[in-house]
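Results of the structural survey
Residue-level listing of the chains:
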Amino acid sequence: EDVGGYSKSLTGQEEIRSSLFAVRSQLNSLTVSIFDPQVKVESSGQSGQVSATARAVWKEVDQESNLSARELSFSLVKLDGQWFISHLETVSVIRR
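In this report, we go over the structure that sits alongside the text. Not measured: the values here are computed from a predicted model. Residue indices follow the written sequence of each chain, beginning from 1 at its first position. Reporting of local features is limited, given that this is a predicted model, to residues whose pLDDT is at least 70; pairs of side-chain atoms are given and counted only at 80 or more, and all residues count toward the totals for whole chains, interfaces and linings. Side-chain metrics in this entry use all non-hydrogen atoms of the structure; hydrogen atoms and water are not considered.

Thoughts on the overall build of the chain
If you tally the helices and strands in the chain, you get 1 helix and 4 strands. Each helix and strand of the chain, placed in order from N terminus to C terminus, yields the pattern α-β-β-β-β. Excluding contacts between residues fewer than 6 apart, the proportion of contacts in the chain whose partners are at least 24 apart in sequence is 36%. Carbon and sulfur atoms make up 50% of the accessible area of the chain, which totals about 7900 Å². We count a stretch as a helix when DSSP gives it H or I for four or more residues in a row; a strand needs E for two or more, and each element gets its number in order from the N terminus. Whether two residues are in contact is decided by their heavy atoms, any of which lying within 4.5 Å being enough. Each accessible area value is a Shrake-Rupley result obtained with a 1.4 Å probe; residue values ignore everything except the protein chains displayed when judging cover.

Thoughts on the pairing of strand 1 (residues 27-41)
Bridge count for strand 1 against strand 2 (residues 47-60) is 12 bridges, and the pairing is antiparallel. Within the sheet, the bridge partner assigned to I34 lies in strand 2 and is A54. Linking strand 1 to strand 2, which pair antiparallel, is a turn of 5 residues; within it G45 sits at a positive phi near 75°. Think of it this way: DSSP has to see at least two bridges between two strands before they count as a pair.

Overview of the environment of D62
As for its placement among the helices and strands, D62 is situated in the loop between strand 2 and strand 3 (65-79). Only protein chains enter the area calculation, which uses a 1.4 Å probe; residues under 20% of their type maximum are buried, those over 50% are exposed, and those in between are partly exposed. Classification of D62 by relative accessible area gives exposed; the value is 72%. Placed 34 residues apart in sequence, D62 and N28 show a C-alpha to C-alpha distance of 8.5 Å.

A closer look at a nonpolar patch on the surface
Without a salt bridge and with relative accessible area above 30%, a residue can belong to a patch; like charges are then joined within 9 Å and nonpolar side chains (Val, Leu, Ile, Met, Phe, Trp, Tyr) within 5 Å. A pairing counts as a salt bridge when a side-chain nitrogen of Lys or Arg comes within 4 Å of a carboxyl oxygen of Asp or Glu. A cluster of nonpolar residues, L10, I16 and L20, forms a patch on the protein surface that exposes about 260 Å² of accessible area. Judged by relative accessible area, L20 falls into the exposed class, the value being 55%.

Brief notes about the sheet that holds strand 2
In space, the 4 strands of this open sheet follow the order 1-2-3-4, with antiparallel pairing throughout. Since the sheet does not close on itself, it has two edges, and those belong to strand 1 and strand 4 (82-91), each with one partner. Across the sheet, the mean angle from the axis of one strand to that of its neighbour is 30°, orientation sign disregarded. Bridge count between strand 3 and strand 4: 9 bridges; the pairing is antiparallel. Bridging across to strand 4, S73 finds its partner in E89. Angles run from 0 to 180 degrees between N-to-C directions of axes, and those axes are lines fitted to C-alpha atoms, restricted for helices to the stretch in contact.

So, the nonpolar core
Within the largest apolar cluster, 6 residues are counted, these being V50, A52, A54, L72, F74 and L76. Within the residue set of this core, elements represented by two or more residues are strand 2 and strand 3. For A52, the contacting residues outside a window of four places in its chain are I34, F35, D36, P37, R70, E71, L72 and F74. For our purposes a nonpolar core is just a set of buried Ala, Val, Leu, Ile, Met, Phe, Trp, Tyr and Cys residues, chained together by side-chain atoms within 4.5 Å.

Details of the environment of L72
Structurally, the position occupied by L72 is in strand 3. Using a relative accessible area of 10% as the deciding quantity, one classes L72 as buried. Note: C-alpha distance between L72 and S51 (21 residues apart in sequence) is 5.7 Å. Beyond its immediate chain neighbours, meaning those up to four positions away, L72 contacts I34, V50, S51, A52, A54, L88, E89, T90 and V91.

Dropping the structure here:
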């Protein structure tokens with residue numbers, strides 16, 4: 001599930017970059033905030049997992065502002081002393 005029913009899997013830096021540039025021309029503004037991150041680092045110290053809530057607020061050209069919140073799960077890897085996101089996905093929230 002994604003904003004406006006649109007969903008796409010992206011693999012690699014170039015796919016992510018080209019998708020961002022395509023969306024950029026359709027937006028006046030975009031703010032993404034991450035809340036309540038819960039980080040678990042593996043015992044090796046070279047990988048980890050993050051669960052968090054992301055909130056996006058955006059304004060499309062000639063449209064009203066929009067708001068969307070999603071639960072996220074990130075997989076992390078440590079390369080040359082820096083942490084990188086190796087996988088990111090939205091997590092389905094069970095509603096009662």
